[in-house]
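Observations on the three-dimensional arrangement
The chain contents come next:
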Amino acid sequence: MKKLLIIIILLLLVIIMVVTRPSKAAHKEAMMEAVKEFVNDEADSLGLGDNVLTDLGKGIVNKTIEKGLNMKLEMHDYLIFNTTYVKLKGEEQMLSVGLLGHVFTFDSQMLREKLEEAANEKALIKQNERELRELEKEKKKREKELAKERRRAEKDSIRAAKREAKERRRAEKDSIREAKRLEREAQEQ
């Protein structure tokens with residue numbers, strides 16, 4: 001009888017756990033509350049106070065993180081509980097665990113680390129994009145310089161060809177004049 005009672009209680013507990021698993025939206029909402037709390041604590045620790053600009057900055061940070069969560073948040077369901085992850089640097093990083101209708105999120109230190117990792121990753125991506133743009137600009141600049149040098153070389157070769165042609169014509173004229181002069185001299189004698 002005790003075994004049957006234990007099995008029934010365990011079965012009821014499992015059913016309750018399955019039914020009360022939080023949804024992805026509940027995970028996101030709990031994480032955004034933790035993010036808002038973290039952002040407020042950071043603003044207070046930096047001495048930014050409460051003003052319109054601080055509130056605007058907080059709103060921008062919160063919206064940016066929320067958009068990031070919407071794009072990268074993945075949920076793993078384990079029947080009696082679930083977890084959420086985001087992929088950072090190719091690795092899955094667990095953000096929360098949902099159990100019995102409650103979402104347990106990371107502490108503020110872990111949040112700080114994850115946000116710094118994401119910011120560093122974003123900064124690295126921006127730096128790589130900047131470097132790539134600079135390399136492309138440098139490549140275009142080199143291509144322009146090479147094209148300019150080619151045009152200059154073509155102009156130089158055209159000038160040289162014109163000079164040679166002019167010199168040939170001058171030499172021909174000189175030889176014709178010389179031949180005429182020699183012919184006159186021969187006639188005069």
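Preceding this section is the structure that the text describes.
In this report, we go over the structure that sits alongside the text. It should be emphasised that the depicted structure is a prediction, and the values quoted were computed from it without experimental measurement.

1. Some remarks on the overall build of the chain
When helices and strands are counted, the chain shows 4 helices and 4 strands. Ordered by position in the sequence, the α and β elements of the chain form the string α-α-α-β-β-β-β-α. Within the chain, the fraction of its 189 residues that count as buried is 17%. Just so you have it, the chain exposes about 15100 Å², and 58% of that area is on carbon and sulfur atoms.

2. Here's the deal with the pairing of strand S4 (residues 102-105)
In this sheet, S4 lies alongside strand S3 (residues 91-99) in antiparallel orientation, the contact comprising 4 bridges. What sits directly across from Gly98, in S4, is Val103. With antiparallel pairing between neighbouring strands as the criterion, S3 and S4 make up a hairpin whose turn holds 2 residues, including Leu100 at a positive phi of roughly 55°.

3. Describing the environment of Ala34
Note that Ala34 resides in helix H2 (residues 24-45). Between the C-alpha atoms of Ala34 and Thr105, which are 71 residues apart in sequence, the distance is 7.4 Å.

4. Some words on a negative patch on the surface
Together, Glu29, Glu33, Glu37 and Asp41 line one region of the surface with negative charge. Among the secondary structure elements, Asp41 is positioned in helix H2.

5. Some details on a positive patch on the surface
A grouping of Lys148, Arg150, Arg151, Arg152 and Lys155 is seen on the molecular surface, where their side chains present a positively charged patch. The topology assignment puts Arg151 in helix H4 (residues 108-188).

6. A word on the pattern of salt bridges
With the rule as written, the count across this model stands at 6 salt bridges. The salt bridge partner of Arg21 is Asp77, with a shortest N-O separation of 3.0 Å. Of this pair, Arg21 sits in the loop between helix H1 (2-19) and H2 while Asp77 sits in strand S1 (residues 74-77), placing them 56 residues apart in sequence. Residue classification places Asp77 among the partly exposed positions, given a relative accessible area of 46%. In this structure, Arg181 engages Glu178 in a salt bridge whose closest nitrogen and oxygen atoms are separated by 2.2 Å. One end of the pair, Arg181, and the other, Glu178, are both in helix H4, 3 residues apart, so they sit about a helical turn from each other. Classification of Glu178 as partly exposed rests on a relative accessible area of 34%.

7. Regarding a nonpolar patch on the surface
Together, Met1, Leu4, Ile8, Leu11, Leu12, Ile15, Ile16, Val19 and Leu100 make up an exposed nonpolar region whose accessible area comes to about 950 Å². The residue Ile15 is located in helix H1 in this model. A relative accessible area of 44% means that Ile15 is categorised as partly exposed.

8. Some words on the environment of Val19
Tracing the backbone through its elements, the reader meets Val19 in helix H1. Residue class for Val19 comes out exposed when judged on its relative accessible area of 64%. Along the chain, Val19 and Ile80 lie 61 residues apart, while their C-alpha atoms are 8.1 Å from each other.

9. Some points on the side chain of Asn82
Structurally, Asn82 is set in strand S2 (residues 82-88). Using a relative accessible area of 1% as the deciding quantity, one classes Asn82 as buried. A distance of 2.6 Å separates a polar atom in the side chain of Asn82 from the backbone oxygen of Pro22.

About the cut-offs
Within each chain, residue numbers correspond to sequence positions counted from 1 in written order. Two thresholds apply to this predicted model, a pLDDT of at least 70 for residue-level local features and 80 or more for giving and counting side-chain atom pairs, whereas whole-chain, interface and lining totals are computed over all residues. The side-chain values count all of the structure's non-hydrogen atoms but skip hydrogen atoms and water molecules. In this text, helices come from DSSP runs of H or I with a minimum length of four residues, and strands from runs of E with a minimum of two, each type numbered from the N-terminal end. The buried label applies to any residue whose accessible area, calculated with a 1.4 Å probe on protein chains only, is under 20% of its type's maximum; exposed applies above 50%, and partly exposed to all values in between. For accessible areas, the Shrake-Rupley method is used with a probe of radius 1.4 Å. Any residue's cover is judged against the shown protein chains and nothing else. Two strands pair if DSSP finds at least two bridges between them. Two distance rules govern patches: like charges are joined within 9 Å, and nonpolar side chains (Val, Leu, Ile, Met, Phe, Trp, Tyr) within 5 Å, applied only to residues with over 30% relative accessible area and no salt bridge. Each salt bridge in this description consists of a side-chain nitrogen of Lys or Arg and a carboxyl oxygen of Asp or Glu lying within 4 Å of one another. The charge count includes Lys and Arg as positive and Asp and Glu as negative, but it does not include His or the ends of the chains. One atom stands in for each charge, and that atom is NZ of Lys, CZ of Arg, CG of Asp or CD of Glu. Polar contact criterion, stated in full: a pair of N or O atoms within 3.5 Å, where within protein one must be able to donate a hydrogen and the other to accept it, and residues adjacent in sequence count only if both atoms are side-chain atoms.

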